[in-house]
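# Understanding the architecture of this molecule
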Amino acid sequence: MAPPPPLTGIRVLEFAGLAPGPFAGLLMADYGATVVRVDRAHPAAHSDSPPSATVDQLTRHKTSITVNTKTAAGVALIKSLIPYIDVVIDPFRPGVLERLGLGPENVMLKLNPRVVVARMTGFRRDGKYKDMAGHDINYIAVSGLLSLMGRKGEKPYPPGNVIGDFAGGGAVCFMGILLALMQRERTGAGQVVEANMVDGSAYLASFPRFNLKKPQWDQPRGENILDGGNPFYDTYETKDRKFMSVGALEPQFFAALLKGLEIKTDSLGGDRMDRKTWPKQREIYTKRFKEKTRKEWEAIFDGTDACCTPVLTHDELEADGFDQRPIVTLRGSPGFAIAKGSAEQRPAAEGQGAGVEGEGWSTEGLRPGVGGEEVLAKWTGWKRGRHYQVKDGGLELVDQSKL
């Protein structure tokens, strides 16, 4: 049996938010940390009939408490928890924690000098847009990254909310937390971690940015090697209206592609790297891929070095039993498994444990107030009615002087 995941024993208090903050918490939980989400008070919370799950789907391995953060007793409960906590995840816009009386440096770190307070914002805290609302599309827009995305002659298009919210946001925040925990091992001191999606996304774009003044990426949007301008690094529709992806950059891989497509090199009109030949190449590949179904092309290219693979949908992957796995494999101490299976004989790549409902494809979410009180009892020894009470659907600290 593998040792416990590496974050086992780390206690995380995650204030409820959307996307990037919960994703950082999800990564913590998947690698063994105990994560309690702090939800808003709800009349049915902490009862035998808890409210419906919130819209947050990133709740795997987490529990919830609801807290009246608008009351002095509710804020007092959070303050009383801080000495027991290793990591606090703050998903709010700048100033929200301070207005609640929970400022990281002047309150939390004084209550617990070892605590790591991870603050996740969209825009920079010290930038032009710091007081404005925004979403993923806005953050990657002002980072410069959005300007790189789109077809030739077309407007920039947003790639879902993966790059800003999750890669440049939640994953970067998670990295900052780990760095702070490593530093704490050396110094014994916690600190504030500030992550924002503008800097996170801009950093992820280091490679294209460094190449903007070089032949690799010096053309307008959609006319470069890796952004859809290059005909042998693109996607093509098949006879059955599905798609194949092509990434045959190196000469030997390109040769394998042409072999599978049954296309002669001399039909391309010149050197494949000559941009003047790209329109003709694209026309040839487009016509050829439409002559067979995706399944037929898969049969031709599977097992070859042509860098030609099917564009699979999530529905197809789920139907085919594709197993969702932890984000990175730790062979000595794997994270928790995402898909159901044998807890005893899993390979490290699949994680450890019995997995969770939904197989990594769906989740029922987390109901406010479910499971969190049991965790608080383990952390602090607190009991309802003696140390805290449920009032108006939220937890509040009991004034010990009145007992």
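Below you will find a few notes about this structure. Note that the structure is predicted; figures quoted are calculated from it, not measured.

## Topic: the sheet that holds strand β7 (residues 233-237)
- One open sheet accounts for three strands, arranged β7-β8-β9; its pairing is antiparallel. Of all strands in the sheet, those bounded by a partner on one side alone are β7 and β9 (308-310). This sheet shows a mean twist of 25° between the axes of neighbouring strands, independent of strand direction.
- Sheet analysis places strand β8 (residues 243-247) next to β9, joined by three bridges and oriented antiparallel.

## A short note on the layout of surface pockets
- Considering only enclosed or pocket space, the largest pocket measures out at about 1,200 Å³ in volume.
- What lines the largest pocket is a set of 45 residues, among which A16, G17, L18, R40 and F92 lie closest to the centre.
- At the level of elements, α1 (20-30), β2 (34-40) and β5 (116-121) are the ones that each hand at least two residues to the lining of the largest pocket.
- For the lining of the largest pocket, the element with the most residues is β2, which contributes four residues.
- Taken together, the residues that form the lining of the largest pocket break down as 24 nonpolar, twelve polar and nine charged.
- Contributions of two or more residues to the lining of the second largest pocket are made by α1, α6 (162-187) and α12 (314-319).
- Considered class by class, the residues forming the lining of the second largest pocket number 13 nonpolar, ten polar and six charged.

## Digging into the side chain of N68
- Its location among the elements puts N68 in the loop between β3 (62-67) and α2 (72-81).
- A polar contact of 2.6 Å, which involves the side chain of N68, links it to the backbone oxygen of K391.
- Apart from the residues lying within four places of it in its own chain, the contact partners of N68 are A41, G74, V75, K391, D392, G394, L395 and E396.

## So, the packing of helix α5 (residues 136-143) against helix α7 (residues 197-204)
- The geometry of α5 relative to α7 is characterised by a closest axis approach of 8 Å and an angle of 55° between their N-to-C directions. Considered as vectors, α5 and α7 are oriented oblique to each other. Between α5 and α7 lies a crossing whose hand is right-handed. Taking contact as the criterion, the partners of Y139, I140, V142 and S143 in α5 are, on α7, M197, V198, S201 and A202.
- In the contact of α5 with α7, the residues fall into six nonpolar, two polar and no charged.

## Focus: the nonpolar core
- One finds I10, V12, M28, V87 and I177 to be the most contacted residues of the largest nonpolar core, which totals 31 residues.
- Looking at this core, the elements that each hand over two or more residues are α1, β4 (87-90), β5, α6, β6 (191-196) and α7.
- Apart from residues lying up to four places away in sequence, V87 is in contact with I10, R11, V12, L13, M28, V115, V116, I177 and L181.
- Counting 26 residues, the second-largest nonpolar core is a separate cluster that includes V36, V38, V115 and V375.

## So, the side chain of E373
- Mapped onto the secondary structure, E373 falls in helix α13 (residues 372-380).
- Residue classification places E373 among the buried residues on the basis of a relative accessible area of 15%.
- In contact with E373, other than residues within four places in its own chain, are H46, I65, R384 and Y388.

## Quick word on the environment of P3
- Mapped onto the secondary structure, P3 falls in the segment before β1 (11-15).
- Between the alpha carbons of P3 and R331 there is a distance of 9.9 Å; along the sequence they are 328 residues apart.
- Aside from chain neighbours lying at most four places away, what touches P3 is G332, S333 and Q352.

## Notes on the packing of aromatic side chains
- One pass over the structure, following the stated rule, counts 13 aromatic pairs.
- For the ring pair F23 and F166, a centre distance of 5.2 Å and an interplane angle of 90° mean the geometry is edge-to-face. With F23 in helix α1 and F166 in helix α6, this residue pair connects regions lying 143 residues apart in the sequence.
- Note on W297 and F301: the rings are 5.9 Å apart at their centroids and 25° apart in plane angle, and the pair reads as stacked. With W297 and F301 both in helix α11 (residues 294-301) and four residues apart, the pair spans about one turn of that helix.
- A relative accessible area of 0% means that W297 is categorised as buried.
- Cluster of aromatic residues (ring-pair linked, three or more members): Y236, Y285, F289, W297 and F301.
- When the ring centre of F232 is taken as reference, the NZ or CZ atom of R272 above it lies at 4.7 Å.
- Above the ring of F254, the side-chain terminus of R272 is found at 4.6 Å from the ring centroid.

## Let's talk about unusual backbone geometry
- Positioned with a positive phi, E262 is a non-glycine residue whose angle comes to about 60°.
- With respect to the helices and strands, the residue E262 is situated in the loop between α9 (251-261) and α10 (278-289).
- Its relative accessible area of 65% is what places E262 among the exposed residues.
- The phi dihedral of C307 is positive, around 55°, even though this residue is not glycine.
- Relative to the helices and strands, C307 resides in the loop between α11 and β9.
- Judged by its relative accessible area of 31%, C307 falls in the partly exposed class.

## Considerations on the pattern of salt bridges
- Counting across every chain of the model gives 22 salt bridges.
- The shortest N-O distance in the salt bridge between D86 and R184 comes to 3.0 Å. You can see D86 sitting in the loop between α2 and β4 and its partner R184 sitting in helix α6, a full 98 residues away along the chain.
- Residue D86 is classed as buried on the basis of its relative accessible area, which comes to 15%.
- You can call R184 buried: its relative accessible area is 5%.
- In this structure, R288 and E291 form a salt bridge, with 2.4 Å as the shortest nitrogen-oxygen distance.
- Under the relative-accessibility criterion, R288 is labelled buried at 13%.

Cut-offs used in this document
Residues numbered from 1 in each chain as written. Predicted model: local features only at pLDDT ≥ 70, side-chain atom pairs only at ≥ 80, totals over all residues. Heavy atoms only, no water. Pairing = 2+ DSSP bridges. Helix = DSSP H or I, 4+ residues; strand = E, 2+ residues; numbered from the N terminus. Axes fitted to C-alpha atoms, helices over the stretch in contact; angles between N-to-C directions. 1 Å grid on protein atoms, 1.4 Å probe; cavity = no way out; pocket = protein on both sides within 12 Å on 5 of 7 lines; lining within 4 Å. Points joined across faces, edges and corners; volume = space filled by probe spheres on them. Nonpolar A, V, L, I, M, F, W, Y, C, P; charged D, E, K, R; others polar. Polar contact = N/O pair within 3.5 Å; in protein donor to acceptor, adjacent residues only side chain to side chain. Contact = heavy atoms within 4.5 Å. Parallel < 35°, antiparallel > 145°, perpendicular 65-115°, else oblique. Left-handed = near helix turned anticlockwise from the far one by under 90°. Core = buried A, V, L, I, M, F, W, Y, C linked by side-chain atoms within 4.5 Å. Buried < 20%, exposed > 50% of the residue type's maximum accessible area, 1.4 Å probe, protein only. Phe/Tyr/Trp six-rings, centres within 6.5 Å; stacked < 30°, edge-to-face > 60°. Lys NZ or Arg CZ within 6 Å of the ring centre and 35° of its normal. Salt bridge = Lys/Arg side-chain N within 4 Å of Asp/Glu carboxyl O.

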